[in-house]
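Remarks on the overall topology
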Amino acid sequence: MVTASIGEAGARTRPATVVILDFGAQYSQLIARRVREANVYSEILPHDAPWSEIAKREPAAIVLTGGPESTLAPDALGIDPQVLVSGVPVLGICYGMQLIARDLGGELVRSQHREFGAATLEIVGKSPLTEGAPERSRAWMSHGDTVVAPPPSFQTIARTASGVVAAMGDERRRIFGVQFHPEVAHTEIGKRVIANFLHEIARIPASWQMESFVDATVAQIRERVGAGRVICALSGGVDSAVAATLVARAIGSQLTCIFVDTGLLRANEGDAVVAAFRDVLHLNVVRVDAQKRFLAQLTGVIDPEVKRIRIGHEFIAIFEEESRKFDGVQFLVQGTLYPDVIESKTPDSKAGHKIKSHHNVGGLPATMALELVEPLRSLFKDEVREVGRVLGLPPAIVERQPFPGPGLAVRVLGEVTAQRLEVVRAADKIVTDEIEAAALDPKPWQYFAVLTPLQSVGVMGDGRTYANLVAVRAITSEDGMTADWARLPHGLLERISTRIVNEVAGVNRVAFDITSKPPATVEWE
């Protein structure tokens, strides 16, 4: 059993935390979001995290996610057995429910009737998990295996119209399972189920706010760093700005920010970044001109994964070189976010699939001289913006649209050269200027130009051209994990296209990307 210091909120040494054990679920990060939206802090760990690692978080509750595998397979993924006997409330979702049924003596079979998509949910038993939910509602299913009978002492709480056990629970042990996905918007009672589990069953107060995160993180940084010197990788984006400000609040003058001008930035960005961080945030900033170094690393490189890895390695090499110019530097601050970790498939997300190597995660070298400090690693983009507001950062920094760490290198498809960078930089400025001048409401979350490796035939001044195709990407999103293409007015698109073709040498055609994420990613590389 867990100790009183874990079970009683008043005795905690950290915010009441929900630990989410990840089985490679498509929606693990969405579960974390839903928990935080209920004003409860959450962290995601690999499914096989040992109980000793879970206990360090002083879990107020544990959630077992879904996953792509079968619990009936010989090598099925599992959990530390202590999880189900710890006394900590547990909610299993999809695969997680099946795992609970299998490990506690329920009956589980490979179903002849698989359920994918919408299903009708029918409440058949009174339970605090579904308190306040209508008797019938719509829920989202995605499973092949089926719980035929819950384990001893478990009650069937809900079924689907086809008779499948859709929810079960042992109220005394506070262990529950749902076959449906409460975290997705398609499940009508999803938020209610999550709130009931957190607040009624696990008895966690809805008290976690970003102010709590800031206070706790500042204290943790101060304790970890001590009297050591720290450098921060400053890109000029909102992530590194918030990370730098958070660390500066913790250790003050022990922090030096290193802004590496890679030559992969947008128009006039280098000067603007340095001015903002020196004059507005009053941080100690050292500017390093490394444009030739990064272009040399990218010469002849076409594969986007190789680009990201080379850029990541070069960043670290420069930061380590710069750190040697100061006495006693031990730590490197990065603005790594949770989506970076998810897409890069690090050991923290080992049951998932790699989408691409973010330069600051999968692009890091195997050995480094500096210890990483990543205070935003468990947050999503919109949460980082909220931290920035709590820290008092100006809107010009907090609301700045996201920009990839590898910069324009992943917006030049194919080989990156100085000439191709100038083309995409000029086109990107037109896209940015026109969208911002349009005063759209709502404004797209992100918008930019991409230089493709395609050339096409055109006609200008009665003469034939054979020139580049530029693509325009504009999306709406909350956190970058999912996105939809922004419905820009046709007149705006016409102005963007006309200006790019007329003003950017070497371009004769413009296309508008109308692909959502998924199946696409936000960036083209």
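Above this text you will find the structure in question.
Throughout what follows, the structure given in this document is the object of discussion. Note that the structure is predicted; figures quoted are calculated from it, not measured.

What follows is about the pattern of salt bridges. Inspection of every chain in the model, using the stated rule, returns 33 salt bridges. Across the salt bridge formed by Lys381 and Asp239, the nearest N and O atoms sit 2.8 Å from each other. One end of the pair, Lys381, is in helix α12 (residues 381–390); the other, Asp239, is in helix α7 (residues 238–251), with 142 residues separating them in the sequence. The exposure classification of Lys381 matches that of Asp239, with both residues buried.

The final tally for this structure, using the stated rule, is five aromatic pairs. Ring geometry for Phe23 versus Tyr95: centroids 4.9 Å apart, planes at 40°, classification tilted. You can see Phe23 sitting in the loop between β1 (17–22) and α2 (28–37) and its partner Tyr95 sitting in helix α4 (residues 95–103), a full 72 residues away along the chain. Under the relative-accessibility criterion, Tyr95 is labelled buried at 1%. Here Arg266 stacks its cationic end above the ring of Phe403, 4.0 Å away from the centre of that ring. Sitting over the face of the ring of Trp485, Arg487 holds its NZ or CZ atom 3.8 Å from the ring centroid.

Among the nonpolar cores identified, the biggest contains 43 residues, and Phe213 and Leu376 are the most heavily contacted of them. Breaking this core down by element, the ones donating at least two residues are α6 (210–225), β10 (229–234), α7, β11 (255–261), α8 (269–280), β13 (329–333), α12 and α13 (395–398). Residue contributions to this core peak at 10 residues, all from α7. Contact partners of Phe213, with chain neighbours within four places excluded, come to Tyr41, Trp208, Leu246, Pro375, Leu376, Ser378, Leu379 and Val387. Grouped together as the second largest cluster of nonpolar side chains are 41 residues, Ile258, Leu298, Ala427 and Leu488 included.

Conventions and cut-offs
Residues numbered from 1 in each chain as written. Predicted model: local features only at pLDDT ≥ 70, side-chain atom pairs only at ≥ 80, totals over all residues. Heavy atoms only, no water. Salt bridge = Lys/Arg side-chain N within 4 Å of Asp/Glu carboxyl O. Helix = DSSP H or I, 4+ residues; strand = E, 2+ residues; numbered from the N terminus. Buried < 20%, exposed > 50% of the residue type's maximum accessible area, 1.4 Å probe, protein only. Phe/Tyr/Trp six-rings, centres within 6.5 Å; stacked < 30°, edge-to-face > 60°. Lys NZ or Arg CZ within 6 Å of the ring centre and 35° of its normal. Core = buried A, V, L, I, M, F, W, Y, C linked by side-chain atoms within 4.5 Å. Contact = heavy atoms within 4.5 Å.

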